[in-house]
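Geometric and topological summary
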Amino acid sequence: VDLDLWLFLPGTGTEDKAVFFDSQTHVSHGLATIDGGYFISADLDDTGESGLDPANGYRSFGPEAMRVSGRLPPGVYAVMAQVWGGTPLTGSCASISFYSGISPTGLIRSFEVGAKGVEGNWWHAFNIHVRDEPQGMFFGYEVTDRMISPGPVIYNRPNCDRRQPRTGDCARFEGKFDVPADYFNGDLAEVRDLYTLSPPNLGLSNMVCAKVIYLGINVRSVVSNQKLVDATYTIDGGEDILAVRFEVRYSIKRGYTGGRSVTPGEHTIRVQRQGYVDFVFLIQLTDEDVFQKEVFMVPETYQTRAVLFWGSEVQDLDLHVLPLGVTNLDGTAVQWYEADGSIAYPDAGNSPFVWWGLGRDGSCVCVEPDDEVGVCTPTCYLASGDTPDEGHARVSLDRDDISHGILNDQNFDPQGPETATFNNLLPGDYQIWVSAYPPWDPEPELPEGATVQIYLGNGEDSMKAVDSVMIVNKGEKWFYAGFIQVSANSKECFGPNRMLQKAGPPLCYTWYKVGKQKVFPFDPLDVDRFLLSLALTDLRAYEKYVHTDFKEVEYLVFSGGSCACVAGPCTCTGSRLESTGFIGPTSTSTIEDESLFWTTERPLIVDSARLDNGLWVVVKWGVEGYFDRLVYLDSSTVSLPYQDGPELPAWTAYVVMVQKPAAGAAVVVLTWALPADNDLYAIRGTDPVDYASSDYTNWQDKTRMADATLSQDSTTSLFEGSGVEVMTFGADLPL
């Protein structure tokens, strides 16, 4: 049998060219040693006739060989074997081997025709793929391994005796070929790229081959887990690549197939899909053969979301959302309901929360319809109503993941996220926590590098990524990422961590980062909490009955550590931020009620356990001429009443805002909360007991000592609207 090896060059219809035994050994353009040149040669032809020992009837079993070098024009090159004479390829042992210098052993693939050889006399073995890229010319192959009947049509081949010198019409074969176009189409997902040649303008000295790595990117929705089949990506700003066409597939029999070739080094990948936020990441490739990544994209549906990502170190992390102190717009406490319409009772502590346990079948999913982008129906949520009404406030866990570090059927770890979505939120705090499952077991621990990404949306036409909070150190069971605070402070709702809502009431969503790990066995889900309100008054109110506008005053609550207000703003060291907010525009005290105080529009939510180590309340007013104020609370000063029902116990802290004195003067302010009559004295002398023999100022003689004046005297506590005494020292105070 005489088998012939053919290589068909890209062309159209009868203009196709081929390299084979009658092509005078080669087809070339320029020289392969010059940039842009290429050389394809049929180096060895064997006719299957008598070989080494004709007397004994031995056959040569010699191969046919073809060599390809240089910089081929872009296109698909079909490599085929033909049984000369048109008979079927009945010998199943016929094989093709493919070699390249990029491999240490030279051999890339070797395979036999097998039993299918009887189906025809043309064996389409593989295609060579060449394409121009910004990185250079990519050279690869695609195994087709199929029999063709009938094969390519060959026109005008002269009847020449191949054993005689080639003269006349046989000097060169100028035949034409008709190769069906589908032979060149190929399956791009099956292309295995071998190397890349540097761009031609770099010159011959830089024409180098580089190892290629097969990149496969699978794209899914971070909410519904639905595959995004029309997502594209770019490599280092290059052309758009349809992700599904270059997915890496794995089977036990064939190993890895498909993928998009990329050279070693650092590459920037940008994944895009209409209706989703672009996903950009860096990859550092070295000597791996295949790199696969599952990309989860955030729908651009203008909702607020928290997305937890982590690696393979811990199989299961869990995202929790604790809605705390949430009220209806009329100020009444919200009653939360689960997805089945039942009342959500706290599993522990005094607050219900969103977690995977809300799933009736032990899982949390979000079903996305085919005709809507990023919109889905969750199975795990808390809502402010008992019916699935879109107008209700709702916090849902859309995606739960428990399989990190486990290889899927495609032999890689997708490392899927967990996702919480916030809709139509009502005023309150929404704390975001992460735990390593199971939370009651000290093992496993939180992994280093896990991140919580926060997106704020306005519900109508805008959303933005505002933060990515990372677990810095491995260890512990709970991580407090931060909290989303919803308030009616719409006038001050601007800045990188705020978003004013357009859909529904004009509430302000504000993200506050905490980023703290908690020591085991602390469990934020098993904590009693109370409401802390602030009541502010201006020190001048006691002198002139002033009703100061405090709606823009900011307050921060810290636990533990220490706080001080010395030589400027109040600062805290070793403390943890518990909550923050503004006094708010709805807290105005009317003149008719003759109140000196403004109170917070809604109270803060504070863990009762924090009182054991002390709470620091820092009050900041942006108006120049006033000091920051500091209030300290602990279990000795706060007595919380017992509360049964959805209402939390409440406490009020009273704060007196103090103006900065004039140059050369000083002000001393005494405040107290317990019912009592405390008095402030200023004594000039060495014996405070025998103050009557010295200069002094007190409640009886408010101006007795020169330039030391008691401007305010109180006989009750701040709880009763007073509880403040003020001593002012002027610049003329005697030595």
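Refer to the structure above for everything that follows.
Please read all numbers here as calculations on a predicted model, not as lab measurements.

Time to look at the overall build of the chain. Within the chain one finds 3 helices and 51 strands. Relative to its 735 residues, the chain shows a buried fraction of 47%. Taking the contacts inside the chain whose residues are at least 6 apart along the sequence as the reference set, 66% of them involve residues at least 24 apart. Surface summary for the chain: the accessible area is close to 34,300 Å², and the carbon and sulfur share equals 51%.

Our next topic: the sheet that holds strand β17 (residues 241–242). If you walk across this open sheet you meet the 4 strands as β17-β16-β21-β22, and the pairing is antiparallel. Of all strands in the sheet, those bounded by a partner on one side alone are β17 and β22 (279–285). As paired elements, strand β21 (residues 265–272) and β22 share 7 bridges and run antiparallel to each other. Counterpart to Thr-268 in the pairing with β22 is Leu-282.

Summarising the element assignment, Asp-467 is placed in strand β33 (residues 463–470). In sequence terms Asp-467 and Thr-451 are 16 residues apart; their C-alpha atoms lie 9.8 Å from each other. Those residues in contact with Asp-467 that sit more than four places away from it in its chain are Val-452, Gln-453, Ile-454, Trp-511 and Lys-513. At a separation of 2.9 Å, a polar atom in the side chain of Asp-467 contacts the side chain of Trp-511.

With that out of the way, let us pick up the environment of Val-365. Considering the arrangement of structural elements, one finds Val-365 in the loop between β25 (317–324) and β26 (366–367). Taking the C-alpha atoms as reference points, Val-365 and Thr-379, 14 residues apart in sequence, are found 5.8 Å from one another. With residues up to four places along the chain from it excluded, the contact list for Val-365 reads Thr-377, Pro-378, Thr-379 and Asp-398.

Turning our attention to the nonpolar core. With 42 residues, the main nonpolar core has Leu-317, Phe-422, Tyr-430, Ile-432 and Ile-484 as its most contacted residues. Of all the secondary-structure elements, those providing two or more residues to this core are β24 (304–309), β25, β29 (394–399), β30 (418–423), β31 (428–436), β32 (451–457), β34 (478–487) and β36 (508–518). Counting residues in hydrophobic clusters, the runner-up holds 25 residues, among them Val-19, Ala-125, Met-137 and Met-147.

Another point: the state of the cysteines. Taken as a whole, this structure holds 5 disulfides when the rule is applied. Note on cysteine connectivity: Cys-493 is disulfide-linked to Cys-508, with sulfurs 2.2 Å apart. On the S-S bond that ties Cys-493 to Cys-508, the torsion sits near 85°, and the link is right-handed. Residue Cys-493 is found in the loop between β34 and β35 (498–500), and its partner Cys-508 is found in strand β36; the two are separated by 15 residues along the sequence.

Mapped onto the elements, His-129 comes out in strand β9 (residues 122–133). Within polar-contact distance, the side chain of His-129 engages the side chain of Glu-142 at 2.7 Å.

What the rule picks out here adds up to 9 salt bridges. Measuring nitrogen to oxygen at the nearest pair gives 3.2 Å for the salt bridge that ties Arg-260 to Glu-239. Of the two residues, Arg-260 sits in strand β20 (residues 260–262) while Glu-239 sits in the loop between β16 (232–235) and β17, which places them 21 residues apart along the sequence. Arg-260 sits in the buried class, given a relative accessible area of 2%. Here Asp-461 makes a salt bridge to Lys-502, at a shortest N to O gap of 3.1 Å. In this pair, Asp-461 is assigned in the loop between β32 and β33 and Lys-502 in the loop between β35 and β36, connecting sequence segments 41 residues apart. Under the relative-accessibility criterion, Asp-461 is labelled partly exposed at 39%.

Before going further, it helps to examine the packing of aromatic side chains. Applying the stated criterion across every chain yields a total of 14 aromatic pairs. Consider the rings of Trp-433 and Trp-478, whose centres lie 6.2 Å apart with planes at 80°: the pair is edge-to-face. In this pair, Trp-433 is assigned in strand β31 and Trp-478 in strand β34, connecting sequence segments 45 residues apart. Through successive ring pairs, a cluster of aromatic residues spans Phe-353, Trp-355, Trp-356 and Tyr-437. The cationic tip of Arg-260 hangs over the ring face of Phe-246; the distance from NZ or CZ to the ring centre is 5.5 Å.

About the thresholds
- Residues numbered from 1 in each chain as written.
- Predicted model: local features only at pLDDT ≥ 70, side-chain atom pairs only at ≥ 80, totals over all residues.
- Heavy atoms only, no water.
- Helix = DSSP H or I, 4+ residues; strand = E, 2+ residues; numbered from the N terminus.
- Buried < 20%, exposed > 50% of the residue type's maximum accessible area, 1.4 Å probe, protein only.
- Contact = heavy atoms within 4.5 Å.
- Areas by Shrake-Rupley, 256 points an atom, 1.4 Å probe, with all protein chains shown as cover.
- Pairing = 2+ DSSP bridges.
- Polar contact = N/O pair within 3.5 Å; in protein donor to acceptor, adjacent residues only side chain to side chain.
- Core = buried A, V, L, I, M, F, W, Y, C linked by side-chain atoms within 4.5 Å.
- Disulfide = S-S within 2.5 Å.
- Salt bridge = Lys/Arg side-chain N within 4 Å of Asp/Glu carboxyl O.
- Phe/Tyr/Trp six-rings, centres within 6.5 Å; stacked < 30°, edge-to-face > 60°.
- Lys NZ or Arg CZ within 6 Å of the ring centre and 35° of its normal.

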